Amino acid sequence: MAPRLQLEKAAWRWAETVRPEEVSQEHIETAYRIWLEPCIRGVCRRNCKGNPNCLVGIGEHIWLGEIDENSFHNIDDPNCERRKKNSFVGLTNLGATCYVNTFLQVWFLNLELRQALYLCPSTCSDYRLGDGIQKEKDYEPQTICEHLQYLFALLQNSNRRYIDPSGFVKALGLDTGQQQDAQEFSKLFMSLLEDTLSKQKNPDVRNIVQQQFCGEYAYVTVCNQCGRESKLLSKFYELELNIQGHKQLTDCISEFLKEEKLEGDNRYFCENCQSKQNATRKIRLLSLPCTLNLQLMRFVFDRQTGHKKKLNTYIGFSEILDMEPYVEHKAEPSKSQTRKPKCGKGTHCSRNAYMLVYRLQTQEKPNTTVQVPAFLQELVDRDNSKFEEWCIEMAEMRKQSVDKGKAKHEEVKELYQRLPAGAEPYEFVSLEWLQKWLDESTPTKPIDNHACLCSHDKLHPDKISIMKRISEYAADIFYSRYGGGPRLTVKALCKECVVERCRVLRLKNQLNEDYKTVNNLLKVAVKGNDGFWVGKSSLRSWRQLALEQLDEQDGDAEQSNGKMNGSTLNKDESKEERKEEEEELNFNEDILCPHGELCISENERRLVSKEAWSKLQQYFPKAPEFPSYKECCSQCKILEREGEENEALHKMIANEQKTSLPNLFQDKNRPCLSNWPEDTDVLYIVSQFFVEEWRKFVRKPTRCSPVSSVGNSALLCPHGGLMFTFASMTKEDSKLIALIWPSEWQMIQKLFVVDHVIKITRIEVGDVNPSETQYISEPKLCPECREGLLCQQQRDLREYTQATIYVHKVVDNKKVMKDSAPELNVSSSETEEDKEEAKPDGEKDPDFNQSNGGTKRQKISHQNYIAYQKQVIRRSMRHRKVRGEKALLVSANQTLKELKIQIMHAFSVAPFDQNLSIDGKILSDDCATLGTLGVIPESVILLKADEPIADYAAMDDVMQVCMPEEGFKGTGLLGH
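In the annotation of an unreviewed UniProt entry, the entry for the chain reads Ubiquitin carboxyl-terminal hydrolase 48, and the organism field reads Sapajus apella. Comment text from UniProt for the chain, heading Subunit (unreviewed entry), reads "Interacts with TRAF2 and RELA. Interacts with GPS1." Recorded under Catalytic activity (unreviewed entry), the UniProt text for the chain is reproduced unchanged: "Thiol-dependent hydrolysis of ester, thioester, amide, peptide and isopeptide bonds formed by the C-terminal Gly of ubiquitin (a 76-residue protein attached to proteins as an intracellular targeting signal)."

Asker: Where do I start with the overall build of the chain in this structure?
Answerer: On a plain count of helices and strands, the chain comes out with 29 helices and 37 strands. Out of the 976 residues in the chain, the part that is buried amounts to 41%. The long-range fraction of contacts in the chain, counting pairs at least 24 apart against all pairs at least 6 apart in sequence, stands at 77%. Counting every atom, the chain has about 55600 Å² of accessible surface; 48% of that belongs to carbon and sulfur.

Asker: Explanation requested: unusual backbone geometry in the structure shown.
Answerer: Trans peptide bonds make up the majority, and among non-glycine residues the majority have a negative phi. Looking along the chain, the bond that leaves Gly-485 and enters Pro-486 is cis, with omega of -5 degrees. Mapped onto the fold, Pro-486 is located in the loop between strand 21 (484–485) and helix 15 (495–522). Cis peptide bonds are those with omega within 30 degrees of zero, and the linkage from Glu-778 to Pro-779 qualifies with 0 degrees. Position of Pro-779 among the secondary structure elements: in the loop between strand 31 (772–778) and helix 26 (783–797).

Asker: I keep staring at the packing of helix 4 (residues 98–108) against helix 6 (residues 144–157) and nothing clicks. Help me out?
Answerer: Geometry of a packed helix pair, given as the angle between the helix axes and the separation of the axes. Two numbers describe how helix 4 lies on helix 6: the axes approach to 11 Å, and their chain directions differ by 75 degrees. On the basis of the axis angle, helix 4 is roughly perpendicular to helix 6. Residues Leu-104, Gln-105, Trp-107 and Phe-108 of helix 4 touch helix 6, and the partners they reach there are Leu-148, Leu-151, Phe-152, Leu-155 and Gln-156. Its residues placed into classes, the contact of helix 4 with helix 6 shows seven nonpolar, two polar and no charged.

Asker: Where do I start with helix 6 in this structure?
Answerer: Every α-helical turn comprises 3.6 residues, leaving residues that sit three or four positions apart pointing alike. In this model helix 6 runs 20 Å from its N-terminal to its C-terminal C-alpha over 14 residues, within 8% of the 20 Å that 1.5 Å per residue would give. In terms of burial, helix 6 is a largely internal element, 13 of the 14 residues being buried.

Asker: Mind showing me how you'd approach the pairing of strand 18 (residues 426–430) here?
Answerer: Looking down a regular strand, the side chains alternate between one sheet face and the other. For strand 18, the buried fraction is high: five of the five residues fall into the buried class. Here strand 18 shows a buried face lined by Tyr-426, Phe-428 and Ser-430 and a second buried face lined by Glu-427 and Val-429. As paired elements, strand 18 and strand 20 (residues 467–471) share five bridges and run antiparallel to each other. Pairing of Phe-428 across the sheet is with Arg-469, part of strand 20.

Asker: I keep staring at the environment of Ser-254 and nothing clicks. Help me out?
Answerer: With respect to the element layout, Ser-254 can be found in helix 11 (residues 249–257). Using a relative accessible area of 34% as the deciding quantity, one classes Ser-254 as partly exposed. Ser-254 sits 13 residues away from Leu-241 along the chain, and the two C-alpha atoms are 9.4 Å apart.

Asker: Got a minute to help me understand the sheet that holds strand 17 (residues 355–359) in this structure?
Answerer: Across a sheet, paired strands are connected by hydrogen bonds in the backbone, their directions being either parallel or antiparallel. Strand order in the open sheet formed by three strands is 7-12-17, with mixed pairing between adjacent strands. Of all the strands in the sheet, the pair left with one neighbour each is strand 7 (239–242) and strand 17. For this sheet the average axis-to-axis angle between neighbouring strands, irrespective of direction, equals 25 degrees. Pairing of strand 7 with strand 12 (residues 291–297) involves four bridges; the strand directions are parallel.

Asker: Please clarify how the pattern of salt bridges should be interpreted in this entry.
Answerer: Pairing between side chains of opposite charge can happen when their charged atoms approach one another. Applying the stated criterion across every chain yields a total of 23 salt bridges. Residue Arg-160 pairs with Asp-383 through a salt bridge whose shortest N-O separation is 3.0 Å. On the criterion of sequence distance, the pair formed by Arg-160 in the loop between helix 6 and strand 4 (162–163) and Asp-383 in helix 12 (residues 374–416) is long-range, its members being 223 residues apart. Here Asp-383 falls in the buried class, since its relative accessible area comes to 14%. Ionic pairing is found between Lys-436 and Glu-432, a salt bridge with its closest N-O pair at 3.5 Å. On the criterion of helical spacing, the pair formed by Lys-436 and Glu-432 is a turn pair, its members being four residues apart in helix 13 (residues 431–437). For Glu-432, a relative accessible area of 43% corresponds to the partly exposed category. A single network of salt bridges, built from pairs that share partners, joins Glu-427, Asp-476 and Arg-487.

Asker: What should I look at first to understand the state of the cysteines in this one?
Answerer: As used in these notes, a disulfide is a covalent bond between sulfur atoms, one from each of two cysteines. A complete count under the given rule lists zero disulfides for this structure. No disulfide involves Cys-454; its nearest neighbouring cysteine sulfur is the one of Cys-497, lying 3.6 Å away. Classification of Cys-454 by relative accessible area gives buried; the value is 3%.

Asker: Please explain a negative patch on the surface as it appears in this structure.
Answerer: A cluster of acidic residues, Glu-640, Glu-642, Glu-644, Glu-645 and Glu-647, forms a negative patch at the surface. Among the structural elements, Glu-640 can be located in helix 21 (residues 634–660).

Asker: So what exactly am I meant to see when it comes to the side chain of His-650 here?
Answerer: Its place among the elements puts His-650 in helix 21. Non-local contacts of His-650, meaning those with residues more than four positions away in its chain, are made with Phe-697, Pro-701, Cys-704 and Pro-706.

Asker: Sorry, what's going on with the nonpolar core here?
Answerer: One broad trend across soluble globular proteins is that nonpolar side chains are buried collectively. Residues Trp-107, Phe-185, Phe-189 and Leu-193 are the most contacted members of the largest nonpolar core, which totals 50 residues. When residues of this core are traced back to their parent elements, those giving at least two are helix 4, helix 5 (111–118), helix 6, helix 7 (166–172), helix 8 (182–197), helix 10 (208–213) and helix 12. Looking at this core element by element, the count peaks at nine residues for helix 6.

Asker: So what exactly am I meant to see when it comes to helix 26 here?
Answerer: Taking 1.5 Å per residue, 15 residues should reach 21 Å; helix 26 reaches 21 Å between its end C-alpha atoms and fits that length. Every buried residue of helix 26 is listed here: Cys-785, Arg-786, Leu-789, Gln-792, Gln-793 and Leu-797. Mapping the buried residues of helix 26 onto a view down its axis gives an arc of 135 degrees, with all of them on the same face. For helix 26, the exposed residues set more than 90 degrees away from the buried face come down to Pro-783 and Glu-784.

Asker: Whenever I open this one, the sheet that holds strand 11 (residues 279–287) confuses me. Can you help?
Answerer: An order of 6-5-11-8 is seen for the four strands of this open sheet, with the pairing classed as antiparallel. Each end of this open sheet is capped by a strand with a single partner; those strands are strand 6 (229–236) and strand 8 (260–262). Within this sheet the neighbouring strands show an average axis-to-axis angle of 30 degrees, counted without direction.

Rules behind the numbers
- Within each chain, residues carry numbers counting from 1 in the order of the written sequence.
- Local features in a predicted model are, by the rule used here, given only for residues with pLDDT of at least 70; side-chain atom pairs are given and counted only at 80 or more, and totals for whole chains, interfaces and linings are based on all residues.
- With hydrogens and water excluded, all non-hydrogen atoms of the structure serve as input to the side-chain values.
- UniProt positions are given in the numbering used here, feature names are shortened, and annotations may be inferred rather than shown by experiment.
- Each helix is a run of H or I in the DSSP string that is no shorter than four residues. Each strand is a run of E no shorter than two, and both are numbered from the N terminus.
- Exposure is judged per residue with a 1.4 Å probe applied to protein chains only, and the accessible area is read against the type maximum: over 50% gives exposed, under 20% gives buried, and values in between give partly exposed.
- Here, residues are in contact when the closest pair of their heavy atoms is within 4.5 Å.
- Using a 1.4 Å probe, accessible areas were evaluated by the Shrake-Rupley method; residue-level cover was limited to the displayed protein chains.
- What counts as an axis is a line fitted to C-alpha atoms, over the stretch in contact for a helix, and the angles between N-to-C directions run from 0 to 180 degrees.
- Angles below 35 degrees are treated as roughly parallel, those above 145 as roughly antiparallel, those between 65 and 115 as roughly perpendicular, and all remaining angles as oblique.
- Gly counts as polar in this scheme, as do all residues outside two lists: the nonpolar Ala, Val, Leu, Ile, Met, Phe, Trp, Tyr, Cys and Pro, and the charged Asp, Glu, Lys and Arg.
- Expected span of a helix, by definition, is 1.5 Å for each gap between consecutive residues, and there is one gap fewer than residues.
- By this definition, two strands are paired if DSSP reports at least two bridges between them.
- For salt bridges, the criterion is a side-chain nitrogen of Lys or Arg within 4 Å of an Asp or Glu carboxyl oxygen.
- Working definition: a disulfide is two cysteine sulfur atoms within 2.5 Å of each other.
- Residues qualify for a patch when their relative accessible area is over 30% and they have no salt bridge, like charges being joined within 9 Å and the nonpolar side chains of Val, Leu, Ile, Met, Phe, Trp and Tyr within 5 Å.
- In summary, the charge assignment counts Lys and Arg as positive and Asp and Glu as negative, without counting His or the chain termini.
- Here the site of a charge means atom NZ of a Lys, CZ of an Arg, CG of an Asp or CD of a Glu.
- As used here, the term nonpolar core means buried Ala, Val, Leu, Ile, Met, Phe, Trp, Tyr and Cys residues forming a set that is joined through side-chain atoms within 4.5 Å.
- Our arc is simply the arc of the directions from the helix axis toward the C-beta atoms.

Next comes the structure, spelled out in structure tokens:
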């Protein structure tokens, strides 16, 4: 079969010679490729998407041969969920609860513990009525012991292959999605269980944890001087063995019990010698429990990453562990400890095992059976009945699926042979629906052909590649069984779309020829008033515009129903595309003025002949038309004259003001409060914002509006008081104000409307020589509003997001440079002075009135003042990043712990090695936020790192570092 593109060309080849008005039914059917021959199954191996008659490879192969009944359903055999004979019952992993399941199985296999739990009194008596269990009520254990009882009974006598421990996990309050430390879980749960059972009256129950798991050892310290031996007895429930550097379990036990020398600064204070002496210390095993838990410490702390990492060291261990050489017995010589342990037959090797459990071997014959109490067995029997009912239900569902599949098999075999449409009446059906009809895994939905319709609600010719032509006989059966629509018969072939496509193709073919014709016509001078105005930009790109427009028209149908080859358009994407299309100028719209008339600039347009315009109109029938006699826009002419007059006026005003205030414009000879000039006792104040805006206008009077008023209300509080102290105006607030000479102030009052006069007067007081100098402001300072302003500023500094702070690493009290982390750095090379915050046209500063009307004071608040102040604050307080600093992006609600993690990535210093300070204050509360710690934007934090010891690299995997972790915080394991 020919490629799809060749099929499309063949389907429309007739359009090169046929005019749109000459399109016939034969042309239409040719466009819809009805003339193509159907493919033959076995010859054509895949579906021909360009051929609507090809019905090969659409999913029919799975139905036409012999079919296994199991392919008609996706239901597993329920008997696979049944417990096999003489096998154990498993536990479902609820996400990350494998550590819980492991210990449940270990404790279940401890027959003494299981028997003791079965003997615990249960609240199940409240659940029973008479001699039986309430059938309408599910059993819900109330205590940890009851949960274990029920789980152990199910593990012992359930018919299921595995059971669900979610009730037990939920009772403990564990997070099923979080992997926890298995050893910590074992310790905490044994402690909880022991505490719970200690309240039982039966001693066999009350003491079971200690009887099964508790051993005893002693910390023995021997003085090298006098030989005195000191013992500290301690009970244990497991032995924690370091596996780093060992290959055998016996080596790990030997290291656990090896002697430690106490020398130098670590010497031992001997009670007998009454002084510090060299000594040895070791652990001496005194008694072992019936069940010995050996914890293999596979997790160590990695100081580089700040996280725990697992050691995948292989450890060899035997099935039988001889602990006699390690246990101290009375009257036994101590040298017996040096004997090599005996290993029985059968050894194992594992790189994942983190706990080994050994049972004490005795001469007595072990009890291998534990009887389940009657009330628990009733619960197990009830659960087994539910399981059997489920198995029957699943088997019935399997049978129904098989019966349905067989019926579908017969339907497909019958209908597929009748699908091809020969000379008989035909219809079109969506290929996607046919494929779903042949898909055994999904139910068949009603037929939906809407995605293939054109704007005329008929079958679009461009959608034929995703349609199939089938016989009317098959279509009748499909619609009667599955419904849907619309039905696309021979009448659904769209003549309008075919005619439009024909027109577009003809224009595409003659575009190059017309381009040459138009170019030749443009060389001929236009005579009289027969010409038309065309935009120069449109003339330069008209061929490209025509081609794009024809392509859009050619593909309109592919967007008409929001689908293209079965894919839906994103709603946001379609909105963006429409917005971009609206912003793009169409042909000849480049000479439209804002009022929709002919623009007044003749440089942007030219006259073309009537013949050239006629050619262009074939491609752009909706383009704006402007005959040569068409007048330009009258509104634009008026505005142009007004604009010219305004520009001249602005230049005149700017020159006058620049001449009147030369020093203010050039920023020369400006007065300073910290160095008060001798030749005057009065200085006036205006806002720096006024000065900057006025300078902008004087520099570019044709681009900026004149500044007509001085808005000093921005420097005053709502009560009319000044917001600055004399001291602040000499320091941090100096960049918010501009000082004015008295002579300049007189000129400012003539040139501008001043809403409020603000001045500072210097006076000499006292009779002593030299006299005391005082500075008085008019209006006076408002203390309450000044205090409120400062508080608001402090709050703003502590409510920031994505602000920049800087970190110095200090070594020997010197700041040193480290390579920056690129993803955490922000650049400060561009000064704030180089960045002007542009305002939209027409937007006026709320505190700076540039209107010509009156000197009425504006009512403002602290928020208005702070909004005005922000642009200057950003400039004045911005920290200049120097070499050796690292810039981090932080937020006020971020915790110190989160900041330490950022610093760890930037400086490769683990959080616990970081000593942070700011302005001499130590930052130590990891849970506190940066805002509460006083870290504000542009702060500089000093980092002093605790350096690792010299040989730490070799000890990295051995060192155990205690880190504050969440662990089992908030669970029921810590409730006791």
